[in-house]
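# Architecture at a glance
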Amino acid sequence: MIISACLGTAHSRAFADGPPTTQTSALDSLGNDQLMAELAARGADNLLERFFDLNHIPEVRRQAVRSLSVLNDLTDPKSKLSDADRRKEAKQLADNVDVILPNIIDPQKLLTLASALNENLANAEANRLEYWGANAGARARLRPAAAAISKLLGKAADLAAAQAKDLEAKLKPNDEAMAARWDKLDTLARNAKYQQAMSAYFVVLAAEPEDPARSKTAEEAATYLDQFDNADSGVQARVHNMKGKLSLARGAAKEARRFFMGVVNDKGQMKPPPDAFEQFDARYFSTVADVDAKDLPTAQQDLQGLTDWQKDKFPKLLADSKLTATAIEDSNKYAAALVPMLQYRVNVLRADLAQSPEEKKKATAAAEAVLLQLRKDRPELAPLIDDQLAGLTPSDRPVGQLSPIILNQLITKGDAESNKGEGQKQDAKTIARAVEAANEILSRLKNKDPQVTPQIAAHAAIAIPTLEDRANHPLPAANGYLEFATQFQKQDLKTATEAVDRAGYLVFQMRKLDRAPDGFSELYGKFLRIAIADPFNHKELAYLMGDHLQAQGKFAEALPYFRQVPKDSPQYLSSQYKQMLCLRELLDANVPEDEHKQYAKDLTEVAGVVKKLGAASTNQIDRAMAVQSTLVYAKLARTEQKDPKASMQTLADFDSLAKGLPREKELLSEALFERVQDQMALGQFKEATDILVDLLNKTEGTEGMSLVRQLLDQLDQQYQKADIAHDQATMRAITRSEAQLTGFLSDWAKNNKNPSIQKYYYAYVVYDARTKRLAGAMSDDPAEKKNLLEQTLKIYQSLLTPQMHDLYVKTLDPKKITSGEIDPKDPDASVQVGLAFTQFDLSDFKGAQATLTDLLANKKLGPPNLVENTPEGLKTKVNDLYWEATYKLLKSNSEVAKSAKDAAAMTNTQRALKNILIRGGIPDRWQDKFESLRQEIAPDFSVAGLATQPAKPSAIRK
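Residues numbered from 1 in each chain as written. Predicted model: local features only at pLDDT ≥ 70, side-chain atom pairs only at ≥ 80, totals over all residues. Heavy atoms only, no water.

On to helix H43 (residues 880–900). The first and last C-alpha atoms of H43 sit 30 Å apart over 21 residues, in line with the 30 Å expected at 1.5 Å per residue. When you tally the buried positions in H43, you get 16 out of 21 residues, the bulk of the element. Within two residues after H43, Lys 901 carries a phi angle of roughly 55 degrees, on the positive side. (Helix = DSSP H or I, 4+ residues; strand = E, 2+ residues; numbered from the N terminus. Expected span 1.5 Å × (residues − 1). Buried < 20%, exposed > 50% of the residue type's maximum accessible area, 1.4 Å probe, protein only.)

Here you go:
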């Protein structure tokens, strides 16, 4: 800007002259303050920090002293600092000027530093206030710089004067060198004082309009400058203009205009005559004085005069000057930009003084048009121009009617408002308006509005979460930061990275809360996924992401994240263990054969790693992982590798590995449990039952029953897999093993002298009946099949006798009886369904029909899917009993209807089957059965395209 060029020239002239730099003493002779200042100025950071620690320097003092380290960078003409870094360092020095002043005794250095603050900080804010008018933000930013410059110049003047006086006493005749030094110091002192008076203008501009000190400072500076308002000073025109500006700053607009017009109308009285810049300033600010005085006719007249002069006279004056061609071109360019600024202010005044809404609207539109054209011509002025455009916009105008430029500036205003310091009141309307404007821009971006540039869109996208963050709304703020990072990472990776980091901070702060806000789980997963992926690459979070997905039952998705954890990570063993748990879940799911084999292979490898690493650790948690992996490894050897001997070998060192761990007794029981299954798989039934009985004798009755139930459940799972695969041989082998086992256990419990075991005799008989029924149903020998099923029928009938019913009631939970959840008079539903299934297998369809109808109608077998609580959370699983009973009831109904030739009954059965097929969700295991029945009784019914997919189990978190 021209004003900065003019002031800067004046300042540099004064600052360029001065005495030689004063020699400093050796470091060890300095006081603490001087020593710290010297160390900071030299960049000796390590020594400085050591000094701080040894002398217990307070942190506030340390920060102030550290600011001295930027002195050299800021005043070095060869420094490669960016403009932004220069502004930052200048602000740091201005804020800590009171620390700097006592530690610099060279007046020339103080003068140079004042010039640097003027050039890098003060001028920009002063220009904004001069050319655009009052602005609270600019005043606040100028204030510390103005005060610092005044203090630096004041001390420079005092030091130079004192040094000149000291030298004056030592002057000797004919000592020209000493006389020259004295002259230089004296000149420096006077120039510093003059510059301090000139820079008082900054102090006045920075003061609040109602501050009484504003006028006083302006008057004192003007009075001091009177001595230079003459032909002998060499700066008369410049001083005359400054006195006008000081008058303008304290509100004396008419007085100010007289000073400016004195320069405009100079007819040779001023020496030297006003140069091109001084004439421009006088014409420009006389119009500003008109605007401040609300004298519209004079303002329009003076503006026209400036416009004509700037186009005609100014270029000629510049051409006659000694400036370079580049300087002349730049000066003309600046002048051409300054005049529209004044046109804008005159139009704003016209709008303020308008007598009608139409006239006001017209003047406002004219002001806006000037700014838009200037923005187009001078894009580097966009932030300043946008601020003025926003000021022209009525606060109640809907955001949908505003241009992206205005919307962008509303966001900037809201951002500044929300970032006010502690104790400063925020304007909630301004912030809300900013959020509204940002959302409008993003909406237009989605609609591909060509006026929404990538820069404006990015500004809006980051503003929303920033405002939410400052308003202490962490969840929407974090979500917004992540949205920005996802959408704008290619455009602005630095800001996107900062956004992800801030989102992470908010996420982990929320994670510490006793109760996370609604939606946190989704946010947590989103943050981890984005942070881990390119381009942010926070691979250290991979374990957390795997853990998060595993907790949701997304085992396949969790695996890749656990696999990203490196071997040197403290979480490596845990990640391997978690992989093992995920793979175990996936292995138990119904997946294609090739996937199953891969999961089995991966599980074998990872279980081996966990066992090896955990067994070698002295940490109990690590050893517990090794113990669990040993059980998994043993089960894999038996079930997947069909090698029960290898399974038993794996368990050989289990007892020593589990020794001393929490739950040692339960772990040893699990190992014995595995050994039982190994012996059964080897056909060593006696050895298996011996181990099992030994295990059961060491446990309480309830615990023993639980172990037996687990064993039978595992055998059932193998049976179900074989059933789905139509592996009849495996199914027969399993049912025979189960039948042998439960037959032995029922006799063992019946004859056991331990009351806690004998108490569960009834339950063991129920198990025995079930396994004998399965064995009979699977037998390929008709005679054996009939014999086993008839034995089973008798067992079920005996279980329904009053004597056995009494034993059944003793197994029931008394609390459920008291609450009415269970009626002890009702027969055992598991016995009823077992009896019905046996009748079905013996082709007694009428008997099966009656019992199954009652059980299903009264919902005694539960819903199609069950929800159960597991260590990994709530899970749904297929209720196979429900589906088997449903199929066998429909089959029984059809057989009874066919036998009785009852067409109505057959129609009802067909309708019921069709309803099930339409509803869908039939599990894999029962698909073939229902399809076979459809082909038998409703072959013309098509279910193509209907939802008949299996209802696969899935994990559910609370």
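A few words on the environment of Ala 369. Among the structural elements, Ala 369 can be located in helix H17 (residues 357–377). Residue Ala 369 is classed as partly exposed on the basis of its relative accessible area, which comes to 44%. Spatially, the C-alpha atom of Ala 369 lies 8.6 Å from that of Tyr 344, the residues being 25 residues apart in sequence.

What follows concerns the packing of helix H15 (residues 296–320) against helix H16 (residues 325–352). Relative orientation and spacing of two packed helices are given, respectively, by the angle between their axes and the distance between those axes. At a minimum axis distance of 10 Å, the contact between H15 and H16 shows a crossing angle of 175 degrees. Here H15 lies roughly antiparallel to H16, going by the angle between them. Taken together, the residues of H16 that come into contact with H15 (itself represented by Leu 296, Ala 299, Gln 300, Leu 303, Leu 306, Thr 307, Gln 310, Phe 314, Pro 315, Leu 318 and Ala 319) are Ile 328, Ser 331, Asn 332, Ala 335, Ala 336, Val 339, Leu 342, Gln 343, Val 346, Leu 349 and Arg 350. Class assignment for the residues of the contact of H15 with H16 results in 15 nonpolar, six polar and one charged. (Axes fitted to C-alpha atoms, helices over the stretch in contact; angles between N-to-C directions. Parallel < 35°, antiparallel > 145°, perpendicular 65-115°, else oblique. Contact = heavy atoms within 4.5 Å. Nonpolar A, V, L, I, M, F, W, Y, C, P; charged D, E, K, R; others polar.)

Position of Arg 214 among the secondary structure elements: in helix H11 (residues 212–225). Buried and unpaired, Arg 214 has no salt bridge, with Glu 208 as the nearest side chain of opposite charge at 6.9 Å. When sequence neighbours within four positions are dropped, the list of residues in contact with Arg 214 reads Val 204, Leu 205, Ala 207, Glu 208, Pro 209, Ala 249 and Arg 250. (Lys, Arg positive; Asp, Glu negative; His and termini not counted. Salt bridge = Lys/Arg side-chain N within 4 Å of Asp/Glu carboxyl O.)

Before going further, it helps to spend a moment on the pattern of salt bridges. Evaluation of the coordinates by the stated rule reveals 38 salt bridges. Across the pair Asp 469 and Arg 502 runs a salt bridge whose closest N-O atoms are separated by 2.6 Å. You can see Asp 469 sitting in helix H21 (residues 454–470) and its partner Arg 502 sitting in helix H23 (residues 493–511), a full 33 residues away along the chain. With a closest N to O distance of 3.4 Å, Asp 602 and Arg 563 form a salt bridge. Taken together, the residues span a long stretch of sequence, with Asp 602 in helix H28 (residues 593–615) and Arg 563 in helix H26 (residues 555–563) at a distance of 39 residues. Residue classification places Asp 602 among the buried positions, given a relative accessible area of 16%. Residues joined in a network through salt bridges with shared partners are Lys 891, Glu 895, Lys 898 and Glu 936.

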